[in-house]
Amino acid sequence: MLFENFDPLKGEMLQILNQEGLIVNDELEPKISKETLLKMYRTMVLGRIADEKALQFQRQGRMLTYAPNIGQEAAQVGSMAALSEQDWLVLAFRESNAMLYKGVTLEQSFLYWYGNENGSKYDENVKVLPINVPIGSQINHAAGVAYASKLQNKNEATIVFIGDGGTSHGEFHEGMNFAAVFDLPMITVIQNNHYAISTPRHRATKAKTLAQKAIAYGIPGIQVDGNDPLAMYLAVKTARERAMKNEGPTLIEAVTYRIGPHTTSDNPKLYREDKEVEEWKKKDPIQRFKKYLISKKYWTEEKDIILQEEHKQTVLDTFKHVEENGDVSLDEIFSYTYESMTSNLKEQLAYYKEYLEKAGEKNVE
Amino acid sequence: MSNKTILQSINEALDQSMDKDKTIVVYGEDVGFEGGVFRTTAGLQEKYGVERVFDTPIAEAAIVGSAVGMAVNGLKPVVEMQFSGFSLPAFNQIATHVARFRNRSRGKYNLPLVIRMPYGGGVKALEHHSESLETLYAHIPGLKLVIPSTPYDAKGLMIAAINDPDPVIFMEPKRIYRAFKQEVPDEMYEIPIGKARIVNPGNDITIIAWGALIREVEKAVKLVPEVNAEIIDLRTISPIDHETIINSVKKTGRVLIVHEAVKSFGPGAELISIINEKAFLYLEAAPRRLTGFDITVPLPKGEPYFIIEPEQIAYEIKSIMSFKA
């Protein structure tokens, strides 16, 4: 019923917790355990601090290009909290909060952005696909994961994230259509953060909303306040119920905003007004969630100060560990192209080792 | 043993593999109900159901991209690109994901999948139905590329491709799908990927080819009975079997490479480089390539100029044999 009540064509958007941290829709307030709410909040705060520190590390030349999530924490964590342990997460590249919630470690996340593929070797039971850089192509992967779940009667759903810019891509259409045709247990969350690098949302599509694209696939689509973790939770939970009942995929547009740059290589002042950014800062997902938790007596400002300090220390310690252990060996870059190294690769590796022996060690710093 | 065409052999390999391994799924455009436009997958949907053998929307990126997800989640997809010329909408998925998932995830996610595609000219087809795109796929690290030339190899290579832990591009020489029959074992067997086959041994010249052109080379050597040619069927285009080639060239000192893929930057260029790197001092004549011209494969009225015939191969053999430094 939820999806019928919020028609994107009528400009209806699901919101439960407003920017002041007040419940505006009592009936829809999801019943989430205190434990889960606090896990959500802690993850969002960790994600925020990790992003802020990563931007600093990058400026200090200690990290590669980094894509921060600041402002989009609720869109990700609200979604993930509504899922189950057995569900799959398929990423674009601006989902580090979702990754953390799903069990990717901060160390792995940092290791990736430090420039080491081992950061994408998540633990065995962590059902997350690696960061996917080619825009839009991950929707098809998610459809395939979901097809396999359905065929093998596994009780699992797949959530896939994409940006507003990604919806322009042909693969978005192919993947959504494929998932819809086969009624796959897939949940697509568009993080509409209003910009694809510098290209504004209205250049991505003529359509008024991204959620309405669902209509063409014959599936439900809903616009959700993406800075409202409760609304995101409810939308994804409802989508998951549909998926588990074999009713097929759902398209959720999380309306949010990228407070930071696209990546550390980008200067957003060139294409957007400070005023716009300031307006969105007032809608900060973490602030409103904190107010909600305090109002429920689950949280206090004192606890918050302690949490901030703890997380800062964790982030610093983790990054230090990454810097001390983030090197890659020569053998490693050859070892994963095929299950067994081909004779061609063995030959190329042997040649290079011989060269290094004769020419002296290569400086890989 | 029974007599089978290449097409029947591939069908049998798929059938027996699906019967043995419930995780195998076969899908693509028209492969289910109709059994494929060439009928390569005929009868499979009837036998294994619409969930394991199915028709998809016409969307190659979705076909290959979904195979990536399925392989991650416990299935072994064997997907079809209706013609290799139509594999290009899926090229992004193949080059940026299929080939890289293992490396990207440091071995967490292997993709045991097969992408089948009929390829090559000589069937009087419309545009985009006659290409030989070996180079595009052989150039991508992380992929294997296999091309059978006989019914026996087609079955064994297909079973090996399905069982291979790495993603395999399986190009099928559609011109000879039904051209001839061969005794093929009824049981399952594998032809190792990465091993070339010496079609017939010889001492005077090494001729390297694959797919539909093996038959043309065999006809050609009959036209020059005075030459004792060693024909090598490459079978796997990537990774190339250096050993078989180099051993042969060291013996013969003369090389002709025949392929329908266009010439520049093609497989022949790679083969000659390997030979120069590893057997240069054994060469008694400049190695030569007989290949498709660097043009779009012509429509049927012009295609005969493009198709390599035994007479032309024989002409090249004679030319190399009479080479004087």
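Residues numbered from 1 in each chain as written. Chains lettered and ligands numbered in written order. Predicted model: local features only at pLDDT ≥ 70, side-chain atom pairs only at ≥ 80, totals over all residues.

Structural notes on the packing of helix 6 (residues 138-151) of chain A against helix 7 (residues 170-181) of chain A
All names here are of chain A. Where helix 6 contacts helix 7, the two axes come as close as 8 Å, and the packing angle between them is 15°. The angle between helix 6 and helix 7 falls in the class roughly parallel. Note on packing geometry: the crossing formed by helix 6 with helix 7 is left-handed. Seen from helix 6, the contacting residues are I139, N140, A142, A143 and A146; seen from helix 7, they are E171, F172, E174, G175, M176, F178 and A179. Split into classes, the residues belonging to the contact of helix 6 with helix 7 amount to eight nonpolar, two polar and two charged. (Axes fitted to C-alpha atoms, helices over the stretch in contact; angles between N-to-C directions. Helix = DSSP H or I, 4+ residues; strand = E, 2+ residues; numbered from the N terminus. Parallel < 35°, antiparallel > 145°, perpendicular 65-115°, else oblique. Left-handed = near helix turned anticlockwise from the far one by under 90°. Contact = placed C-beta atoms within 7 Å. Nonpolar A, V, L, I, M, F, W, Y, C, P; charged D, E, K, R; others polar.)

Concerning the environment of Y147 of chain A
With respect to the element layout, Y147 of chain A can be found in helix 6. Separated by 14 residues in the primary sequence, Y147 of chain A and V133 of chain A have C-alpha atoms spaced 23 Å apart. Ignoring anything within four residues of it in the chain, the contact list for Y147 of chain A reads F182 and L184 of chain A together with S66 and M70 of chain B.

Here's the deal with the pairing of strand 10 (residues 205-209) of chain B
Residues and elements named next belong to chain B. With five of five residues buried, strand 10 is to be regarded as a mostly interior element. Sheet analysis places strand 10 next to strand 11 (residues 229-233), joined by five bridges and oriented parallel. Each bridged residue has a counterpart across the sheet, and for I205 the counterpart in strand 11 is A229. Remark: the strand 10/helix 8 (residues 213-223)/strand 11 crossover connection has right-handed handedness. Taken together, the three bridges between strand 10 and strand 13 (residues 255-262) define a ladder with parallel strand orientation. Bridge pairing links I207 to L256 in strand 13. (Buried ≥ 20, exposed ≤ 12 C-beta atoms within 10 Å, placed from the backbone. Pairing = 2+ DSSP bridges. Right-handed = clockwise from strand over helix to strand, strands pointing away.)

Points about the sheet that holds strand 7 (residues 168-173) of chain B
Residue and element names in this part refer to chain B. One open sheet holds the seven strands; their spatial order is 3-2-4-5-7-6-12, and the pairing between them is mixed. The open sheet has two edge strands with one neighbour each: strand 3 (53-55) and strand 12 (236-238). Ignoring strand direction, the axes of neighbouring strands in this sheet form an average angle of 20°. As paired elements, strand 6 (residues 144-146) and strand 7 share three bridges and run parallel to each other. Residue pairing for strand 7: V146 is matched across the bridge by F170. The strands touched by helix 1 (residues 6-20) are strand 2 (24-28), strand 4 (76-80) and strand 7; relative to strand 2, the strand with the most contacts, the crossing angle is about 135°.

What to know about the sheet that holds strand 2 (residues 88-90) of chain A
Residue and element names in this part refer to chain A. Taken in spatial order, the six strands of this open sheet run 1-7-8-4-3-2, and their pairing is parallel. At either margin of the open sheet sits one strand with a lone partner, and together these are strand 1 (13-14) and strand 2. Here six bridges tie strand 4 (residues 186-192) to strand 8 (residues 250-255), and the two strands are oriented parallel to one another. Of the residues in strand 8, the one forming a bridge with Q191 is A254. In this fold helix 6 packs onto strand 2, strand 3 (158-163) and strand 4, with an angle of close to 170° to the strand it touches most, strand 3.

Quick word on the environment of A138 of chain B
Of note, A138 of chain B is situated in helix 6 (residues 134-138). Apart from residues lying up to four places away in sequence, A138 of chain B is in contact with L145, I237, S238 and P267 of chain B.

A short note on helix 12 (residues 285-295) of chain A
Residue and element names in this part refer to chain A. The set of residues buried in helix 12 consists of P285, I286, R288, F289, Y292 and L293. Projection of helix 12 onto a plane perpendicular to its axis shows the buried side chains occupying an angular sector of 165°, all on one side. Of the residues flanking the end of helix 12, it is K297, one or two places downstream, whose phi is positive at about 65°. (Arc of directions from axis to C-beta.)

Digging into the interface of chain A and chain B
Contact with chain A, which involves 34 residues of that partner, is made by 36 residues of chain B. Secondary structure elements with two or more residues in the side of chain A that touches chain B: helix 6, helix 7 and helix 15 (343-359) of chain A. Top contributing element to the side of chain A that touches chain B by residue count: helix 6 of chain A, with ten residues. Among the residues making up the side of chain A that touches chain B, the classes are represented as 14 nonpolar, 15 polar and five charged.

With respect to unusual backbone geometry
Residue and element names in this part refer to chain B. Residues S238 and P239 are joined by a peptide bond in cis, for which omega reads 0°. Mapping P239 onto the fold places it in the loop between strand 12 and helix 9 (242-252). Phi is positive for R39, which is not a glycine, with a value near 70°. Mapped onto the elements, R39 comes out in the loop between strand 2 and helix 2 (44-48). Its identity is not glycine, yet K124 carries a phi of approximately 50°, on the positive side. If you trace the backbone, K124 turns up in the loop between strand 5 (114-119) and helix 6.

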